[in-house]
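# Working through the structure, step by step
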Amino acid sequence: EFKKPFEKACNDYEGKLTKIKKEKHELVKQHGMVWGQVSWGELFEKIEREYRTFQLSMCEYQIKVNESKTKKGTDLLQNHIKHCSDQEPACFLQECLNTTAKLKKFTEKLIPELQSMNIHSSEVGQDEEKKLLCSLWNQLKMALQLEQKEDPGNKQAGYNMHQLQGNKQYSTEKAGTLFKKSDGLRKVWQKRKCTISNGYLTISHSMPNCSPAKLNLLTCQVKPNTDDKKCFDLVSHNRTYRFLAEDEQDCVAWMSTLSNSKEAALNVAFNRAQGREERSREALTRAIIEEVRGMPGNRECCDCLAPDPMWVSINLGILICIECSGIHREMGVHISCIQSLSLDKLATSELLLARNIGNSGFNDIMEANLSSFSLKPTVHKDMAFRKNFIISKYVEKKYAKRSPAVQCSSLLEAVKKKDIFSLLQAYAENVDLNEPVLTPLQERGETVLHLAVLLSDRTSLHIVDFLVQNSGSLAKKTAEGNTPLHYCCSHNKPECVKLLLKAKANITLTNKAGETALDVARRMGHPLCEELLLQAQSNQFNPHVHVQYEWWLGRDDMCESDEDLDKKVRS
Ligand SMILES: [Zn+2]
């Protein structure tokens, strides 16, 4: 949840950057100048403001994540204490009381232990981290406010985040002597031992007892002095330090090392954040796969009952063995799109249907009319028998359940109720899922997929995905010429955009107003949709995309049942 404003800030930043660049280009055109002659000062100022706003949001996001971690720890403890204090009234038998007394004693002993454990293990680290983040947040916030108050004529002295890069022949660490101009009225040069290391500049004090000043270079700016080439300034959020080096060359070395060290620290910070996100996504994908493997019927191949099937049909949501997967591939991806659970690096978007259909649910419909179990191939049957069965089952849909004719209205009901098996039933009976529905929600000519997009949320992406992959209606237009992709963009459904782009929806189609989906996203101001379409336009869209979806993994169920248990104990 906390991520949303952060992601928005990311997108805003990217968007504004592009906008500023465009504005600048316009300006250049108007004045008939050559691009290279333009002064970069103004451009940088705009960019750096946006960049700082972006950093601020990142900071806020990390603080919130940190807070939620700490909260979890205390919540657990409080729940435990509450649980224990609730025990007494619930137990009216003497025996219960005795047990409770014992439990209470034990708990009393446990509480300080738990508390100290809590404090020592996680909270210290998190508090420390939070303090650091808060101070960085304050610094950034102040820098932003400072700039707002700043006299426009005095911009040169300002704090500047984007700066010239340091000369790479120098490293990121340096130690030596510099002269620092004193703060007081006398303004004398004081000799100081200085060290640059790990993104910090340490300035030792003349008194050996005083602790040195430590400046975080992430929030500082190095500026050369135009009057004296042996001098440079280090601008922090609240003061400017002026340094004097031994000679010009030494001055260049100090400035370059400061810039390099700052850049390295920035990279480390960003890589760490990215790595964390990557790892948590991989962990989520693994957890979903485990959940899928535990679903009814998924311990055996959906077609031949071979144990431990490790191949998934992305569009049908079933697990099959390696032998059967070969035949599925032969049928083509329009029938069954196969990936390995262990060999392919799956993304969460590829597991939406597997998490919601599963072998048992699938065969309840697709093998309902199987007259004899002996028609099903077993591990020992030859390849021809296996192939014959699979083609009958998937291409001819020979064994599928026949229900009273599926009505269009019932399809709308299925979408509304997020009923994946009604959609599968319609698919099994070869109902034309790309026909316009009789009761459109907004425009005539809407297909079931248009409706699914309109009604989609975090809990219904699998419905959208089933229709995206199996209805053949990606290019279907309403009376106004809007494709499902247009609908995503006019109603701000970026998660649906991902599923449509993944299925290679045509992004160049226009509606009656002549707009592509990208045009619609821009007009409506939906930056997430716009960003995804821009990626697709430049062939940068990664089809192994992750989606925001309510996965209801085992852990979630457990939490719920714990609460139920608590209620029962209390009542
Ligand atoms: Zn099999």
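Taking an unreviewed UniProt entry as the reference, the chain is identified by name as ASAP1 protein belonging to Eurystomus gularis.

### Here we look at the overall build of the chain
When its secondary structure is counted, the chain shows 17 helices and ten strands. Across the 571 residues that make up the chain, the buried fraction comes to 41%. By sequence separation, contacts in the chain at least 24 residues apart represent 65% of the contacts at least 6 residues apart. Summed over its atoms, the accessible surface of the chain is roughly 31800 Å², and 54% of this surface lies on carbon and sulfur atoms.

### Brief notes about the sheet that holds strand β10 (residues 338-340)
Strand order across the open sheet formed by three strands is β9-β8-β10, with antiparallel pairing between neighbours. Each end of this open sheet is capped by a strand with a single partner; those strands are β9 (318-320) and β10. Averaged over all pairs of adjacent strands, the angle between their axes in this sheet comes to 35 degrees, without regard to strand direction. Examined bridge by bridge, strand β8 (residues 311-313) and β10 share three bridges and lie antiparallel to one another. Paired with Ser313 across the strands is Ile338, a residue of β10. Relative to the sheet, helix α5 (residues 322-331) contacts β8, β9 and β10, its axis offset from that of β9 by approximately 115 degrees.

### Let's talk about the pattern of salt bridges
Scanning the entire structure with this criterion turns up 17 salt bridges. For Lys387, the salt bridge goes to Glu330, with nearest N and O atoms at 2.9 Å. Note that Lys387 is positioned in helix α8 (residues 383-394) and Glu330 in helix α5, a separation of 57 residues in sequence. A relative accessible area of 55% means that Glu330 is categorised as exposed. Two residues, Glu530 and Arg522, come together in a salt bridge whose shortest N-O distance is 3.2 Å. Ionic contacts of the salt-bridge type, sharing partners, join the residues Asp303, Glu367, Lys376 and Lys393 into one network.

### What about the packing of aromatic side chains?
Considering all chains together, one arrives at six aromatic pairs under this definition. Seen from their ring centres, Tyr549 and Trp551 are 4.7 Å apart, and the 75 degrees between their planes marks the pair as edge-to-face. Take Tyr549 and Trp551: they sit in the same class, and that class is buried. Grouped by ring-pair contacts, the aromatic residues Phe232, Tyr241 and Phe243 constitute a single cluster. In this structure, Lys174 packs its charged tip against the face of Trp254, placed 4.9 Å from the ring centre. A cation over a ring is seen here: Lys214 above Tyr200, with NZ or CZ 4.7 Å from the ring centre.

### Let's talk about the nonpolar core
Core analysis: the largest hydrophobic core is formed by 86 residues, its most contacted members being Phe362, Tyr394 and Leu467. Beyond its immediate stretch of four places on either side in the chain, Phe362 contacts Cys302, Leu316, Ile318, Ile357, Lys393, Tyr394, Phe421 and Leu424. By size, the runner-up hydrophobic cluster in this structure holds 18 residues, among which are Cys220, Leu234, Tyr241 and Trp254.

### Side note on helix α16 (residues 527-537)
Given 3.6 residues per helical turn, the α-helix brings residues three or four places apart onto the same face. What α16 keeps buried is the set Cys529, Leu532, Leu533 and Ala536. Buried residues of α16 fall within an arc of 95 degrees about the axis and therefore sit on the same side. Check the buried side of α16 and you find it contacts α13 (484-490), α14 (494-502) and α15 (517-524). Positive backbone phi, at 55 degrees, marks Asn539, one or two positions downstream of α16.

### Here's the deal with the coordination of the zinc ion
Taken together, Cys301 (SG), Cys304 (SG), Cys321 (SG) and Cys324 (SG) make up the protein donors of the zinc ion, found 2.3 Å from the metal. Given four donor atoms and angles of 106 to 117 degrees at the metal, the environment of the zinc ion is assigned as tetrahedral. All donors of the zinc ion belong to a single chain; written as a sequence motif, their spacing is C-x2-C-x16-C-x2-C. Of this pair, Cys304 sits in the loop between α4 (248-293) and β8 while Cys321 sits in the loop between β9 and α5; the two residues are 17 residues apart in sequence, bridging distant segments of the chain.

### Structural notes on the packing of α14 against α16
The contact between α14 and α16 brings their axes to 9 Å, and the two run at 15 degrees. Here α14 is positioned roughly parallel relative to α16, judged by the angle of their axes. Of the two elements, α14 crosses α16, and the hand of that crossing is right-handed. Contact residues: α14 offers Pro494, Val497, Lys498 and Leu501, while α16 offers Leu528, Cys529, Leu532, Leu533 and Ala536. Grouping the constituent residues of the contact of α14 with α16 by class yields eight nonpolar, no polar and one charged.

### Notes on the packing of α5 against α8
Between α5 and α8, the shortest axis-to-axis distance is 10 Å and the interhelical angle comes to 55 degrees. As far as their axial angle goes, α8 and α5 are oblique. When the axes of α5 and α8 are compared, the crossing they make is right-handed. From α5, Glu323, Cys324, Ile327, His328, Glu330 and Met331 reach across to α8, where they touch Met383, Arg386, Lys387, Ile390, Ile391 and Tyr394. In terms of residue class, the contact of α5 with α8 is made up of seven nonpolar, one polar and four charged.

### Some remarks on the environment of Ala347
Looking at the element boundaries, Ala347 is found in the loop between β10 and α6 (352-356). Given the relative accessible area of 1%, Ala347 is considered buried. Taking C-alpha positions, Ala347 is 5.1 Å from His544, a pair spaced 197 residues apart along the chain. Non-local contacts of Ala347, meaning those with residues more than four positions away in its chain, are made with His544, Val545 and His546.

Rules behind the numbers
- Residues numbered from 1 in each chain as written.
- Predicted model: local features only at pLDDT ≥ 70, side-chain atom pairs only at ≥ 80, totals over all residues.
- Heavy atoms only, no water.
- Helix = DSSP H or I, 4+ residues; strand = E, 2+ residues; numbered from the N terminus.
- Buried < 20%, exposed > 50% of the residue type's maximum accessible area, 1.4 Å probe, protein only.
- Contact = heavy atoms within 4.5 Å.
- Areas by Shrake-Rupley, 256 points an atom, 1.4 Å probe, with all protein chains shown as cover.
- Pairing = 2+ DSSP bridges.
- Axes fitted to C-alpha atoms, helices over the stretch in contact; angles between N-to-C directions.
- Salt bridge = Lys/Arg side-chain N within 4 Å of Asp/Glu carboxyl O.
- Phe/Tyr/Trp six-rings, centres within 6.5 Å; stacked < 30°, edge-to-face > 60°.
- Lys NZ or Arg CZ within 6 Å of the ring centre and 35° of its normal.
- Core = buried A, V, L, I, M, F, W, Y, C linked by side-chain atoms within 4.5 Å.
- Arc of directions from axis to C-beta.
- Donors = N, O, S within 2.8 Å, 3.2 Å for Na, K, Ca; no water.
- Tetrahedral: all angles 85-135°; square planar, octahedral: opposite > 155°, others 65-115°.
- Parallel < 35°, antiparallel > 145°, perpendicular 65-115°, else oblique.
- Left-handed = near helix turned anticlockwise from the far one by under 90°.
- Nonpolar A, V, L, I, M, F, W, Y, C, P; charged D, E, K, R; others polar.

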